[in-house]
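Remarks on the overall topology
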Amino acid sequence: KFEIFNLDMKTGDTLKIKGKISEDTDGFSINLGCRSTDLALHLNPRFNESAIVCNSRCSSAWQEEHRDNLCFSKGSTIKITIEMLADKFQVKLPDGHEVEFPNRHCYDKISYMSVKGGFRVTSFKL
């Protein structure tokens, strides 16, 4: 688990995360928000479902999920770029795939980030 509590991400900022997906994982998640119980973006690739599930969390309660097709595989090294806009998150994935997810809580600043599951972060840049 990779966790940051003092991330200073603001509207207009871009976060780039590079890493390696483990060979034997069912999935991983990248979470952005104020704390683990309040997430503006939960990006959750699930290999067993061949889907990328996006969601948000408010006071520990999950909200309605968005699903997209999975565009990378176990064992690969990937770069994920997340741009925070006033009304949405623009997520750029490998091979030109993009996922948009609304900024449901209208956050203009994000201080918490975590990466969990079968993804080893090799670099990240805000």
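Conventions used here
Residues numbered from 1 in each chain as written. Predicted model: local features only at pLDDT ≥ 70, side-chain atom pairs only at ≥ 80, totals over all residues. Heavy atoms only, no water. Helix = DSSP H or I, 4+ residues; strand = E, 2+ residues; numbered from the N terminus. Contact = heavy atoms within 4.5 Å. Patch = residues over 30% accessible without salt bridge, like charges linked within 9 Å, V, L, I, M, F, W, Y side chains within 5 Å. Areas by Shrake-Rupley, 256 points an atom, 1.4 Å probe, with all protein chains shown as cover. Salt bridge = Lys/Arg side-chain N within 4 Å of Asp/Glu carboxyl O. Lys, Arg positive; Asp, Glu negative; His and termini not counted. Charge placed at Lys NZ, Arg CZ, Asp CG, Glu CD. Buried < 20%, exposed > 50% of the residue type's maximum accessible area, 1.4 Å probe, protein only. Core = buried A, V, L, I, M, F, W, Y, C linked by side-chain atoms within 4.5 Å. UniProt positions renumbered as here; feature names shortened; annotations may be inferred. Pairing = 2+ DSSP bridges. Axes fitted to C-alpha atoms, helices over the stretch in contact; angles between N-to-C directions.

The name given to the chain in an unreviewed UniProt entry is Galectin, with Larus smithsonianus as the source organism.

**So, the environment of L7**
By the element assignment, L7 lies in the loop between strand 1 (2-4) and strand 2 (9-10). Sequence-wise, L7 and G117 are 110 residues apart; in three dimensions their C-alpha atoms are separated by 20 Å. Beyond its immediate chain neighbours, meaning those up to four positions away, L7 contacts L32, I110, S111, Y112, M113, F124 and L126.

**Some words on a positive patch on the surface**
On the surface, K16, K18, K79 and K125 cluster together into a positively charged patch. Inspection of the secondary structure puts K16 in strand 3 (residues 14-21). Residue classification places K16 among the partly exposed positions, given a relative accessible area of 36%.

**Let's talk about the nonpolar core**
Among the nonpolar cores identified, the biggest contains 32 residues, and F28, L32, F72, I80 and I110 are the most heavily contacted of them. Considering each element in turn, this core owes the most residues, four residues, to strand 9 (residues 77-84).

**Things to note about the UniProt feature "domain: Galectin" (unreviewed entry) in the chain**
With numbering aligned to this structure, UniProt lists the feature "domain: Galectin" (unreviewed entry) at residues 1-126. Summarising residues 1-126: 0% helix, 61% strand, and an end-to-end C-alpha distance of 19 Å.

**Examining the pairing of strand 3**
Alignment of strand 3 against strand 9, held across seven bridges, turns out to be antiparallel. Bridged to T14 within strand 9 is E83. Two strands pair when backbone bridges link them, and strand 3 and strand 14 (residues 119-125) are joined in this way by six bridges, in the antiparallel orientation. If you follow K20 over to strand 14, its bridge partner there is R120.

**Remarks on the pairing of strand 10 (residues 88-92)**
Of the strand pairs in this sheet, strand 9 and strand 10 are connected by four bridges, and their pairing is antiparallel. Each bridged residue has a counterpart across the sheet, and for M84 the counterpart in strand 10 is F89. Connecting strand 9 to the antiparallel partner strand 10 that follows it, the hairpin turn spans three residues. Across five bridges, the pairing between strand 10 and strand 11 (residues 98-102) is antiparallel. Bridge pairing in strand 11 links V91 to V99. Between strand 10 and the antiparallel strand that follows it, strand 11, lie five residues; D95 among them carries a positive phi value of about 60 degrees.

**Considerations on the sheet that holds strand 3**
One open sheet holds the five strands; their spatial order is 11-10-9-3-14, and the pairing between them is antiparallel. Sheet topology places strand 11 and strand 14 at the edges, where each strand pairs with a single neighbour. For this sheet, the mean angle separating the axes of adjacent strands, direction not counted, is 20 degrees.

**A look at the pattern of salt bridges**
Taken as a whole and assessed by the stated rule, the structure comprises nine salt bridges. The residue D38 makes a salt bridge to R35 at a minimum N-O spacing of 2.8 Å. Three or more residues joined by partner-sharing salt bridges are found here, namely R46, E49, E65 and R67.

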